[in-house]
Amino acid sequence: IPLERIRNFSIIAHVDHGKSTLADRLLEFTGAIKKTSGQNQVLDKLQVEKERGITVKAQSASLIYIYQGEQYLLNLIDTPGHVDFSNEVSRSLSACQGVILLVDANDGVQAQTVANFYLAFGNDLLIIPVLNKIDLKNADPERVCGQLKTLFDIDPKDVLKISAKQGIGIECVLDAIIERLPPPNAVRGGKFRALVFDSWYDKYRGALSLMYIKDGEVRIGDSVASCHTKKTYEVRGLSVLRPNEESVDKLVAGQIGLVGCNMRSSQESCIGDTLHKTHEEVEPLQGFKPARPMVFAGIYPMDQSQHVHLRGAIDKLVLNDSAVTVNIDSSPALGQGWRLGFLGLLHLEVFSQRLVQEYGADPILTAPSVTYKVILKPTKKIIEDKNDTLFVNNPALFPDHLQIKECHEPMVSGTIITPDSYLGSIISLCMERRGVQKSATNIDNERVMLVYDLPLSEVVLDFHDTLKTISSGYASFDYEDMGYQFSSLVKMNILLNGTAVDELSVIMHSSRVQTMGRKLVLKLRDIIPRQMVQIAIQATVNGKVIARETLKAYRKDVTAKLYGGDVTRRMKLLAQQAAGKKKMRMVANISLPRETFIDVLKK
Ligand code: GTP
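What you see is a predicted model, and the numbers here were worked out from it, not measured in a lab. (Residues numbered from 1 in each chain as written. Predicted model: local features only at pLDDT ≥ 70, side-chain atom pairs only at ≥ 80, totals over all residues. Heavy atoms only, no water.)

Asks: How should the overall build of the protein be read in this particular structure?
Replies: For the protein, the count of helices and strands is 16 helices and 34 strands. A buried classification covers 53% of the 603 residues belonging to the protein. For the protein, restricting intrachain contacts to residue pairs at least 6 apart in sequence, the fraction spanning at least 24 positions comes to 69%. In the form shown here, the protein has an accessible surface area of approximately 27600 Å², with 51% of it arising from carbon and sulfur atoms. (Helix = DSSP H or I, 4+ residues; strand = E, 2+ residues; numbered from the N terminus. Buried < 20%, exposed > 50% of the residue type's maximum accessible area, 1.4 Å probe, protein only. Contact = heavy atoms within 4.5 Å. Areas by Shrake-Rupley, 256 points an atom, 1.4 Å probe, with all protein chains shown as cover.)

Asks: I'm lost on helix H5 (residues 111–122) in this one. Help?
Replies: An α-helix turns once every 3.6 residues. As a result, residues three or four positions apart point the same way. The end-to-end C-alpha separation of H5 is 17 Å, in line with the 16 Å expected for twelve residues at 1.5 Å each. Buried residues of H5: Ala111, Gln112, Thr113, Val114, Asn116, Phe117 and Ala120, and no others. Where H5 ends, the next residue or the one after it, Asp124, has phi of about 60 degrees, a positive value. (Expected span 1.5 Å × (residues − 1).)

Asks: Any chance you could explain the confidence of the model for the protein here in plain terms?
Replies: Any residue range with low pLDDT should be treated as having predicted coordinates unsuitable for detailed reading. Scored by pLDDT, the protein comes out at a mean of 83, with 84% of its residues at no less than 70. Here residues 44–58 scores under 50 on pLDDT; set against residues more than four positions off or in separate chains, the count is 47 contacts. Complex prediction metrics read pTM 0.80 and ipTM 0.97. (pLDDT = per-residue confidence, 0-100.)

Asks: Explanation requested: helix H6 (residues 141–152) in the structure shown.
Replies: Here H6 is twelve residues long and its end C-alpha atoms lie 16 Å apart, about the 16 Å a rise of 1.5 Å per residue gives. Regarding H6, the residues found buried are Pro141, Arg143, Val144, Cys145, Gln147, Leu148, Leu151 and Phe152. Summarising the contacts, the buried residues of H6 are in contact with strand S4 (98–104), H5, strand S5 (126–132), strand S6 (160–161) and strand S26 (447–455). Following H6 by one or two positions, Asp153 adopts a phi angle in the positive range, close to 60 degrees.

Asks: Explain the sheet that holds strand S8 (residues 206–215) here, please?
Replies: Working definition: the strands of a sheet are paired by backbone hydrogen bonds and lie parallel or antiparallel to each other. In spatial order, the strands read S11-S10-S16-S7-S8-S15-S12-S13; together these eight strands make up an open sheet with antiparallel pairing. Taken across any chain shown, the strands that pair with only one partner, and hence form the sheet edges, are strand S11 (232–234) and strand S13 (245–248). For this sheet, the mean inter-axis angle between neighbouring strands, taken without regard to orientation, is 40 degrees. (Pairing = 2+ DSSP bridges. Axes fitted to C-alpha atoms, helices over the stretch in contact; angles between N-to-C directions.)

Asks: Looking at this structure, I do not really get the pattern of salt bridges. What am I missing?
Replies: It is possible for side chains of opposite charge to pair when their charged atoms get near one another. Per the counting criterion, the structure on display carries 22 salt bridges. A salt bridge links Lys214 to Asp215; its shortest N-O distance comes to 3.5 Å. There is no split in this pair, since Lys214 and Asp215 are both buried. Salt bridges sharing partners connect three or more residues here, namely Glu409, Arg434, Glu458 and Arg512. (Salt bridge = Lys/Arg side-chain N within 4 Å of Asp/Glu carboxyl O.)

In structure tokens form, the structure reads like this:
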């Protein structure tokens, strides 16, 4: 198929606006799959997708469509919908010339619609606005067209109206792709260059890379090299996805295809990398930017006997997800474990869910934290190695306040779209989370878009959940990375009878010290089991005591409630109590059960 008859495009949409359903309809309409009689989400059901669990990574399909008697090749590039993966979204988008901006005709424009629009716009892509779900009783296409006009200056005349579920307007979408989008600006004759925009791990073939062939062609047996790692490989397999894999012996410029060349892990197949022929010099297609983890959490086996199993499960998952970083971590209370880095909270959730579901691992996950930047005061040693900046994501490693010159924390720009009746409580929430309002725009006469600068640390824990709760589920939220900003941060230590317990320390903004200090000591007083000795619980910052509580001495007699009665039951309970004690950590003669550390981390 000549280049003029190729179109590469993506569908971008807010969660649940019908992206998968539309993708399925496009596949059906072009005959790539049989009618599924209302059963949707074929793309999600593909083998690779099954192995990878959920649609967080891009998945493409090549479709043949006959338009005015001519065959066209349409490459649908599926993008992850969430901005945690915005790096991956923009990689996928760089293989396209245009996007379908899909908006629910009932819900209207939501936070991810805005974020995705700007990603596409920033990549100079053509945008085909499409309203979905026009079959719904409450659909209000006029109002949503108005929102698109206000926010993005989209002409209502250009907006297509469809129902993916009922298959209404699908042909218009396909025609618009051909009529409105340009063919790829690829070069057929040139030196081979391909952009890797997705990769996954196959047990038998190693890492597979999904790539967009920008220039030239590649055949089985060719020797190719990576611009990023400089490693060379022999091409073992080439295929296109229709949507099932079909082997081919060559791929030419303009196409999207899968290459297998015996890479041992997906770490070798980097998203954003450029592949070229080994003996040819080429300019990389884009500056390679590695995914940067933003959210960190410690992960520990429930019990040390599960350590090997958990490590195996993490290794396997990481093979498939090169964006996760893994570092060994250990704590006297929780034992040997790892500190994992994720692109965002959703990424963390998906990962831990998969650990449980696919590998039967039952780990303890500590509260997520962000990476703070700490600039140290000059000392003789620092002047020698000039290394005065520390990146700290584990409170236990936060330096002493006397050594610190200044601290910076990661910030995000958050977009919230809400019906105006919830505006008041949402603004209070943002203020409580140290947010700074950047703009408030009416997108129609009932809905408002708010843009806030927020510290990432205030967003990672429960911001999204709280926002949903206070808006009865109507507000949507999305955020993007904004880099570091100066901040007044301190480390709060928790002392038990005068001894600091590292696992309980927290990094926080100085404005939080009083309230958090009180909260923490009260919580600890409630969750630490009473002991033979009295325990003083203190929260300190920079050596000063902020809050203090005392836990009275008491021996918990688990059998107290059993009046005489059954001796065996009594023995069993005492044995359980003894076993429970073994799992405790001794701190200054106080034994703390593991649960103390986990419960205190929960907000
Ligand atoms: P994520 O994969 O979670 O991002 O969602 P998605 O955007 O892929 O949405 P999906 O296709 O899973 O559709 C979400 C829901 O909307 C499903 O329950 C669909 O059946 C429904 N839906 C999709 N299109 C239509 C439509 O045209 N009309 C109606 N009434 N419902 C639709």
